[in-house]
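Secondary and tertiary structure notes
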Amino acid sequence: MTLMELYLASKSPRRHELLQQITSDFTIINSTFDEREVPLCDPEEYVKKLAYGKATHTTQPLNDDTVIIGCDTIVVSPDNTIFGKPKNNEDGFMMLKKLSGKTHSVITGVCLYSKSSSKTFAVKTLVTFYPLLDEEIRHYLSCGEYTDKAGAYGIQGKGALLCQKIEGDYFNIVGLPIATLVRELNSLFPANNV
C-alpha cells in the first residue's frame, strides 16, 4: 500500500498472518461491535452484517486515506444451521457430530470501509468431512484448538485430519479470502493497487 492507511478490525492471529501475505503495512485495531445485535437471517447476509458491524464500530478516526477491514467467518451445516464459535466442549461435539460425513459451507464476510465508500462481500467454500466416530471427535476436541473456531475446528491445524475434500478458497476457511480481498481493494481503491 502506498497511500492507503489500512486497518484490520480483528483480534484473530490467523487473519493477521493472512493479511501479511498481501502487505505488512497495516495496523490492527479493536472493534467494539456486539455480534448479538445481528439477528440470524440468510447466512451470507448475516455474515456480511457482522463484517460491516466490525468495520464500522471502532475508535479509529476516518481520514481520507483510511480503509478499515472488518470480517467474520461462520460455518453453515447441511441443515442450514449457522455455527459460530462453540460455547464449550459439548457444543463443539454437537457441531462436529452434525458435520460428520457431510458437506458444509464456510462463509467469510468482509467489509472494506472508508470515508468515501464501503463494500461488503462474502466468499463461500464447501468442506466435506469424513464420517467421524464419537471417539475421533472427542480426541480432536481434547487438543483444544477448537475453542475459538467457527464450527469447532481449525483447518490449518489438526482439524485438517477431519476433512475429506475442499471446494473453493482454502484461505477463506482459515478466515480471510486473500485473493478476493486483493481484487476488491484494487477495484474500490485503484490508486492504491496492492
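The text that follows walks through the structure, step by step, so that each part is easy to find. Just so you know, these numbers come straight off a predicted model, no measurement behind them.

Rules and cut-offs
- Residues numbered from 1 in each chain as written.
- Predicted model: local features only at pLDDT ≥ 70, side-chain atom pairs only at ≥ 80, totals over all residues.
- Heavy atoms only, no water.
- Helix = DSSP H or I, 4+ residues; strand = E, 2+ residues; numbered from the N terminus.
- Rg over C-alpha atoms; globule rule 2.2 N^0.38 Å.
- Buried < 20%, exposed > 50% of the residue type's maximum accessible area, 1.4 Å probe, protein only.
- Contact = heavy atoms within 4.5 Å.
- Areas by Shrake-Rupley, 256 points an atom, 1.4 Å probe, with all protein chains shown as cover.
- Axes fitted to C-alpha atoms, helices over the stretch in contact; angles between N-to-C directions.
- Parallel < 35°, antiparallel > 145°, perpendicular 65-115°, else oblique.
- Left-handed = near helix turned anticlockwise from the far one by under 90°.
- Phe/Tyr/Trp six-rings, centres within 6.5 Å; stacked < 30°, edge-to-face > 60°.
- Pairing = 2+ DSSP bridges.

1. Looking at the overall build of the protein
The helix and strand tally for the protein stands at six helices and seven strands. Whereas a compact globule of 194 residues would reach a radius of gyration of roughly 16 Å, the protein reaches 17 Å, a difference of no more than 12%. The burial tally for the protein puts 51% of its 194 residues in the buried class. Nonlocal contacts in the protein, meaning residues at least 24 apart in sequence, comprise 65% of its contacts between residues at least 6 apart. Summed over all atoms, the accessible surface of the protein reaches about 9500 Å², with 48% contributed by carbon and sulfur.

2. Some thoughts on the packing of helix H3 (residues 89-99) against helix H4 (residues 134-142)
Two elements in contact, H3 and H4, have axes separated by 10 Å at closest approach and are oriented at 135°. With respect to each other, H3 and H4 are oriented oblique. Here H3 and H4 pass one another in a crossing that is right-handed. Residue-level contacts link Asn 89, Gly 92, Phe 93, Leu 96 and Lys 97 of H3 to Asp 134, Ile 137, Arg 138, Tyr 140 and Leu 141 of H4.

3. Observations regarding the packing of aromatic side chains
Taken as a whole and judged by the stated rule, the model has three aromatic pairs. Ring geometry for Tyr 52 against Tyr 113: centres 6.2 Å apart, planes inclined by 85°, an arrangement best described as edge-to-face. Note that Tyr 52 is positioned in helix H2 (residues 43-56) and Tyr 113 in strand S5 (residues 103-114), a separation of 61 residues in sequence. Looking at Tyr 52, the relative accessible area reads 38%, which means it is partly exposed.

4. A short note on the environment of Ala 55
The topology assignment puts Ala 55 in helix H2. Every residue in contact with Ala 55, bar those within four places of it in the chain, is listed here: Ile 68, Gly 70, Cys 111 and Tyr 113.

5. Considering the pairing of strand S6 (residues 118-129)
Looking along a regular strand, one sees the side chains alternate between the two faces of the sheet. Summarising the sheet, S5 and S6 pair through eleven bridges and their orientation is antiparallel. The partner of Ile 107 across the bridge, within S6, is Lys 124. Connecting S5 to the next strand, S6, in antiparallel fashion are three residues. Sheet analysis places S6 next to strand S7 (residues 163-167), joined by four bridges and oriented antiparallel. Counted as the bridge partner of Thr 128 is Lys 165 from S7.

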